[in-house]
Amino acid sequence: MSWTGGRSSARTVSPDRQSANLADILERVLDKGIVIVGDIRVNLLDIELLTIKLRLLVASVDRAKEMGIDWWEHDPSLSSRARAVPDEPEPRSVGGSTSGRDELEAENRRLRERLAALEAAQDDALAASREDAREDAREDARGDARKDAEGDAREGVRENAREETS
């Protein structure tokens, strides 16, 4: 038995097969997507100085859009369309349904209107409670004045009775 120092033919993989494997892996990753998550923490004497949370998603553009990720289309530094037409609404998608951005803007508008109505109702309720408090204070003052007048009248009757008896 002799050994020549070379690689065994059973263990070697041809460069074509390696590139095919790499291409298959890359295609699968881009088609399905892969998420890589990690945290980096820097501590000094058990005092946390810095925390970096890493979240990495590797996927094709089509797959990312399917997942609802399309931030690059709205970022002016990445999209000439976002820079060129900042005030125009997004175009409607196929079938006449609104895009996700239009839906969010409509929901935002509805929520702002609802918030304004709630704040107005709260202001009305506060104004009514303040008016009720003022009315209660007026009634208390009237009651106190009546009690004072009644007390003064009783005191006067007592003094008259003392004078008559003396």
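The model shown is predicted, which means the values in this text are computed figures rather than measured ones.

A. Expanded view of the overall build of the protein. The secondary structure content of the protein amounts to 4 helices and 2 strands. Mapped from its N terminus to its C terminus, the protein presents α and β elements in the order α-β-β-α-α-α. A separation of at least 24 residues holds for 17% of the contacts in the protein among residues at least 6 apart in sequence. Counting only carbon and sulfur atoms, one obtains 53% of the accessible surface of the protein, whose full area is about 14,800 Å².

B. Geometry of the confidence of the model for the protein. With 78% of its residues at a pLDDT of at least 70, the protein reaches an overall mean of 76. Note on residues 5–10: pLDDT under 50 across the span, and 1 contact to partners over four residues away in sequence or across chains. Across residues 92–97 the pLDDT falls below 50, and counting only partners more than four positions away or on other chains, this stretch makes 4 contacts in the model.

C. Focus on the pattern of salt bridges. Throughout the structure, instances matching the rule amount to 8 salt bridges. The salt bridge partner of arginine 55 is aspartate 39, with a shortest N-O separation of 3.1 Å. Residue arginine 55 is located in strand E2 (residues 47–58), and its partner aspartate 39 is located in strand E1 (residues 34–44); the two are separated by 16 residues in the primary sequence. Judged by relative accessible area, aspartate 39 falls into the partly exposed class, the value being 41%. Here glutamate 131 and arginine 138 are joined by a salt bridge, their closest N and O atoms 3.7 Å apart. One salt-bridge network, in which partners are shared between bridges, spans Glu131, Arg134, Glu135, Arg138 and Arg142.

D. How the structure looks around the pairing of E1. Looking at chain direction, E1 and E2 are connected through 11 bridges and run antiparallel. When the sheet's bridge partners are listed, arginine 41 is paired in E2 with threonine 51. Counted between consecutive antiparallel strands, the loop separating E1 from E2 contains 2 residues, among which leucine 45 sits at a positive phi close to 55 degrees.

E. Fine view of a negative patch on the surface. Residues Asp132, Asp136, Glu139, Asp140, Asp144, Asp148 and Asp152 make up a contiguous surface patch of negative charge. Along the chain, aspartate 132 turns up in helix H4 (residues 100–165).

F. Broad picture of a nonpolar patch on the surface. Taken together, the side chains of Ile40, Val42, Leu44, Leu45, Ile47, Leu49, Leu50, Ile52 and Leu54 define a hydrophobic patch exposed on the protein surface, amounting to about 840 Å² of accessible area. Residue assignment for the nonpolar patch shows that the elements contributing at least two residues are E1 and E2. Mapped onto the elements of the fold, valine 42 is located in strand E1. A relative accessible area of 35% places valine 42 in the partly exposed class.

G. H4, seen in detail. Between its first and last C-alpha atoms H4 spans 96 Å; for 66 residues at 1.5 Å apiece the expected length is 98 Å, and the two agree. Within H4, the full set of buried residues consists of Asp102, Ala106 and Gly143.

H. Up close: unusual backbone geometry. Of note, leucine 45 is a non-glycine position whose phi angle comes to about 55 degrees, a positive value. Looking at the element boundaries, leucine 45 is found in the loop between E1 and E2. Even without a glycine there, the phi angle at aspartate 46 is positive, about 60 degrees. Relative to the helices and strands, aspartate 46 resides in the loop between E1 and E2. Taking the relative accessible area as the measure of exposure, aspartate 46 reaches 80% and is therefore exposed.

What counts, and where the lines are drawn
- Residues numbered from 1 in each chain as written.
- Predicted model: local features only at pLDDT ≥ 70, side-chain atom pairs only at ≥ 80, totals over all residues.
- Heavy atoms only, no water.
- Helix = DSSP H or I, 4+ residues; strand = E, 2+ residues; numbered from the N terminus.
- Contact = heavy atoms within 4.5 Å.
- Areas by Shrake-Rupley, 256 points an atom, 1.4 Å probe, with all protein chains shown as cover.
- pLDDT = per-residue confidence, 0-100.
- Salt bridge = Lys/Arg side-chain N within 4 Å of Asp/Glu carboxyl O.
- Buried < 20%, exposed > 50% of the residue type's maximum accessible area, 1.4 Å probe, protein only.
- Pairing = 2+ DSSP bridges.
- Patch = residues over 30% accessible without salt bridge, like charges linked within 9 Å, V, L, I, M, F, W, Y side chains within 5 Å.
- Lys, Arg positive; Asp, Glu negative; His and termini not counted.
- Charge placed at Lys NZ, Arg CZ, Asp CG, Glu CD.
- Expected span 1.5 Å × (residues − 1).

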